[in-house]
Amino acid sequence: MARKDTSTHNSYKLSDSSFDRIESTNVLIIGNGPSAITLSFLLAGHWPCYSPEDFPSPNENVTNATLQNIHDRLLYHCAMDSCNHDEYGNQHESISKPKLRSLMESDLREIGENLVGRTGANPISVLMDQLQHPNADFGERNPSMLKWTYRPDRRVDHIVIGSSESPGGIWHAIAKTCSSKLCSNSTTEMLTLSRRSLMQLPVLPIYDDENHQNDSDGELPSDNRVPYRVVANYYRRYVNHFGLDEFFHNHTRATLLDWDPIDQCFIVDASCRKSSSSNQRKYRVRYRAKRVVLAKGTSTMPRMLNIQGETFPFVLHSLTKLDVIIRQTQLLPCWRLPILSTSRTQSPDPILIVGSGLSAADALILLSQRCQRRPLRIIHLFRKSIRDRSLIFNQIATNDSNYPEYYQVFQKMKHSVQNNIHCLECLPHHHSPPSSTSSSKQLSLRFEYYQAYQECILSSIQTTANGHRTATLEFLNKNKSDSTLCCHCNRPINHQLTVRITFALILIGSSPQLDFVNENIRQRMARDSTAPIDHRLNPISIDPYTHECKDVPGLYALGPLVGDNFVRYVQGGALAAANHIYHDERNQNSNYGSIIIDSSNHSSLFDIDDS
Ligand SMILES: Cc1cc2nc3c(=O)[nH]c(=O)nc-3n(C[C@H](O)[C@H](O)[C@H](O)COP(=O)(O)OP(=O)(O)OC[C@H]3O[C@@H](n4cnc5c(N)ncnc54)[C@H](O)[C@@H]3O)c2cc1C
């Protein structure tokens, strides 16, 4: 894929007078989701502490070697901290214990060395997760082993900017997509993959306002999955609860990240939207910051297949866009479906879904729920084999106890791939028999027609002279004997199939959108400087114990951008960065909030391309 050269038009040299406001800060955080909220919480002076005395007696049924290892290291390595600044009242007695240690002042490199989690999370992310959710991976729900203390005297000046309208990052977008009026009752509302306790940020419990569930009565309520809507509201409430609003500039999108060699600081240009009841105003802000933290997630730019026809307007790459289409009634009421068939009595052409991740499953659920009146026809294809162990469904949806809706989707996929219909002639007449799971009380996936193809890729999308939209599918399993005949009509099959479609949904993941970062910096951030950054193939190269970019001092990256894909893990990345920033400040003995003009750490960072 060609790299976009941003070095010429993204220039920090745009004069300050072009901006409506100039702001200076010590730490600028880009993104306002769970990673940024946790980092802001820590930098505001909320410090996690740990007392080895609180280590629970070993559970006879569970041997958690990682947690035991952490405990042993904490015993030896945590710095002493008196923690006399408690402002959480009810915890005062326990946090005043003399042996309480602060993780902000500890050497995390020693404590977290070589810790490995189940999902490839970074070591400090594993450390924090183990302490906050002891034995969670063994299905246990235990109180956090961390105590929190408030140190306003150690507060680090920072600003959080984020494009979403309120703190919570991607959660506001997905809550909006999946919680529209059409599925607002609790039985059909989309739920998080993780249990409630694993969606929480430090100290403040999530509770569902409507169910009046609360941890504060001392009892742990059932630890179920929660609706997206509840999570989005919780993150907004969290920022408000801890008075972090003053640090948050929402509705603010970074458009340029560059380095100013004269003032020896980062420059972040941003466009902001301010809406009042009567109008909406756009203005531009330039931030100057000693440090920048990228906490922008990876969900803003969908991954593309880069095939012919992918940019047609009837090809969608996100659930949000699907939702917009549904809301704009192109799909609903169902009789308004863009029917391309000549006869009004004939069924509309199928919808094509590409991908085998949770987004593709969510799309199926969404389409089934919203189009109950007139079930749709679906063709679903994915590159992997249904038996591939890396398929998310083989990890989480092998029984219907934890994720019943994904279990149903998986059952439907498995049942359908066995049909193996590769004949165009067979497709339109074939109706899949009701799957064994369709009787579930919680959700019934209803389609007029559903055909899944494993080990299959979409090779192109076309429009024909008579206005039809078509997609060409290619089957990868050419050499397998069981794929030589159509299981429906027994005719030899083709390895390519062109089908008519209504529209296509390509849901194959996302890429980190880093176009706004100066090319010079981007190259230094990447593990392989000659290839575009991709969180899976060519990730940002960070020190795993500080989350600082190895080759760009002062620039940090958190969350899914660097492999911490779940909320329970993003918090450890924030701790790693906050701890490093705190130590760095202490070593440099600099003034918070001001730009260090003569910082040796930042000098001669980049060879700025003046061309
Ligand atoms: C459909 C779905 C379901 C999920 N379910 C779960 C689950 O059950 N459990 C779980 O633990 N995790 C889940 N995740 C993953 C979870 O969303 C992430 O782990 C978490 O949100 C990461 O937090 P973050 O703050 O790093 O990034 P995000 O939450 O992605 O927030 C980043 C924010 O930065 C903003 N931004 C992007 N670019 C810019 C810019 N240039 N300038 C300013 N702001 C910018 C974005 O708009 C976004 O608001 C799910 C994700 C998705 C997409």
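Preceding this section is the structure that the text describes.
Residue indices follow the written sequence of each chain, beginning from 1 at its first position. Where totals are concerned, whole chains, interfaces and linings use all residues; where local detail is concerned, this predicted model gives features only for residues with pLDDT of at least 70, and gives and counts side-chain atom pairs only at 80 or more. No hydrogens and no water enter the side-chain calculation; it runs on all heavy atoms of the structure.

Quick word on the sheet that holds strand β17 (residues 456–463)
Step number 1: Taken together, the three strands give an open sheet; going across it, the order is β17-β18-β19, and neighbouring strands pair in antiparallel fashion. Lying at the two open borders of the sheet, with one neighbouring strand each, are β17 and β19 (496–500). Between one strand and the next, the sheet's axes are offset by a mean angle of 25 degrees, whatever the strand orientation.
Step number 2: The pairing of strand β18 (residues 469–475) with β19 spans five bridges and is classified as antiparallel. Looking across to β19, one finds that Thr 472 is bridged to Thr 498. In this scheme, strands are said to pair when DSSP sees at least two bridges between them. Segments assigned H or I by DSSP are reported as helices when at least four residues long, segments assigned E as strands when at least two residues long, and all are numbered from the N terminus. Axis lines are fitted through C-alpha atoms, for helices just across the contact stretch, and the angle between N-to-C directions can take any value from 0 to 180 degrees.

Side note on the packing of aromatic side chains
Step number 1: Put simply, two rings from Phe, Tyr or Trp (the six-membered ring, in Trp's case) pair if the centres are within 6.5 Å, and we call them stacked under 30 degrees between planes, edge-to-face over 60, tilted for the rest. All told, the structure shown has 13 aromatic pairs when counted by the stated rule.
Step number 2: The interplanar angle of 25 degrees and the centroid separation of 6.1 Å between the aromatic rings of Phe 447 and Tyr 450 together place this pair among those described as stacked. Comparing Phe 447 with Tyr 450 shows no difference in burial state: the two are buried.
Step number 3: Through successive ring pairs, a cluster of aromatic residues spans Phe 41, Trp 148, Tyr 234, Tyr 235, Tyr 238 and Phe 242.
Step number 4: Placement of a charge over a ring requires the Lys NZ or Arg CZ to be within 6 Å of the ring centre, with the centre-to-atom vector within 35 degrees of the ring normal. Positioned above the aromatic ring of Trp 47, the side-chain terminus of Arg 151 is 5.4 Å from the ring centre.
Step number 5: When the ring centre of Tyr 449 is taken as reference, the NZ or CZ atom of Arg 377 above it lies at 5.6 Å. Relative accessibility decides the category of a residue: with a 1.4 Å probe and only protein chains considered, values under 20% of the type maximum give buried, values over 50% give exposed, and everything between is partly exposed.

A short note on the sheet that holds strand β15 (residues 377–381)
Strand pairing in a sheet takes place through backbone hydrogen bonds and is either antiparallel or parallel in direction.
Step number 1: Spatially, the five strands line up as an open sheet ordered β13-β20-β14-β15-β16, and their pairing is parallel. For this open sheet the edge positions go to β13 (315–316) and β16 (449–453), each flanked by a neighbour on one side alone.
Step number 2: Pairing of strand β14 (residues 351–354) with strand β20 (residues 504–506), which is carried by three bridges, proceeds in the parallel orientation. Across the sheet, the residue bridging to Ile 353 is Leu 505, located in β20.
Step number 3: Against the sheet, helix α9 (residues 358–370) touches β14, β15, β16 and β20, its axis set at about 155 degrees to β14. Every residue pair with non-hydrogen atoms within 4.5 Å of one another is taken to be in contact.

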